[in-house]
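Here is how the chains run, residue by residue.
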Amino acid sequence: MAVTMKDLGIDRLSAEDRLALVQEIWDSLAADMERAPLTEAQRQEIDRRLAAHRANPQAAIPWEQVEAEALARLSR
């Protein structure tokens, strides 16, 4: 049986405290995922992208350009 918010008393916390708890849980999950090994499919995709970049590094767009273009589209 799954543990519920009520079982843990989380439902009695303020919205601010629940939000802080969610952030703490999210951060712990992110840390676990960083330590998780890549799947073979993920490793192959990284290798494919790296090979494509090495074959044509001029195709890469700098982050500053991507950001500027996105912000310009938002301000229209």
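A. Layout of the overall build of the chain. Looking only at helices and strands, the chain features 4 helices and 0 strands. Shown N-terminal to C-terminal, the secondary structure of the chain runs as helices and strands in the order α-α-α-α. Against the globule reference of 11 Å for 76 residues, the chain gives a C-alpha radius of gyration of 21 Å, more extended than a compact globule. Per-residue burial over the chain gives 3% buried out of 76 residues. For the chain, the exposed surface amounts to about 7,200 Å²; the carbon and sulfur share of it is 59%. On the chain, the mean spot of the 10 positive side-chain charges and the mean spot of the 14 negative ones are 5 Å from each other.

B. Broad picture of the pattern of salt bridges. Applying the stated rule across the entire model yields 3 salt bridges. In this structure, the salt-bridge partner of Arg-35 is Asp-32, at a minimum N-O distance of 2.6 Å. Within this pair, Arg-35 and its partner Asp-32 are both found in helix H2 (residues 15–35), separated by 3 residues, close to a single helical turn. The exposed category is assigned to Arg-35, whose relative accessible area is 61%.

C. Local environment of a nonpolar patch on the surface. Judged by side-chain polarity, Ile-25, Trp-26 and Leu-29 come together as a nonpolar surface patch covering roughly 340 Å² of accessible area. Among the structural elements, Leu-29 can be located in helix H2. Given a relative accessible area of 44%, Leu-29 falls into the partly exposed group.

The rules we used
Residues numbered from 1 in each chain as written. Predicted model: local features only at pLDDT ≥ 70, side-chain atom pairs only at ≥ 80, totals over all residues. Heavy atoms only, no water. Helix = DSSP H or I, 4+ residues; strand = E, 2+ residues; numbered from the N terminus. Rg over C-alpha atoms; globule rule 2.2 N^0.38 Å. Buried < 20%, exposed > 50% of the residue type's maximum accessible area, 1.4 Å probe, protein only. Areas by Shrake-Rupley, 256 points an atom, 1.4 Å probe, with all protein chains shown as cover. Lys, Arg positive; Asp, Glu negative; His and termini not counted. Charge placed at Lys NZ, Arg CZ, Asp CG, Glu CD. Salt bridge = Lys/Arg side-chain N within 4 Å of Asp/Glu carboxyl O. Patch = residues over 30% accessible without salt bridge, like charges linked within 9 Å, V, L, I, M, F, W, Y side chains within 5 Å.

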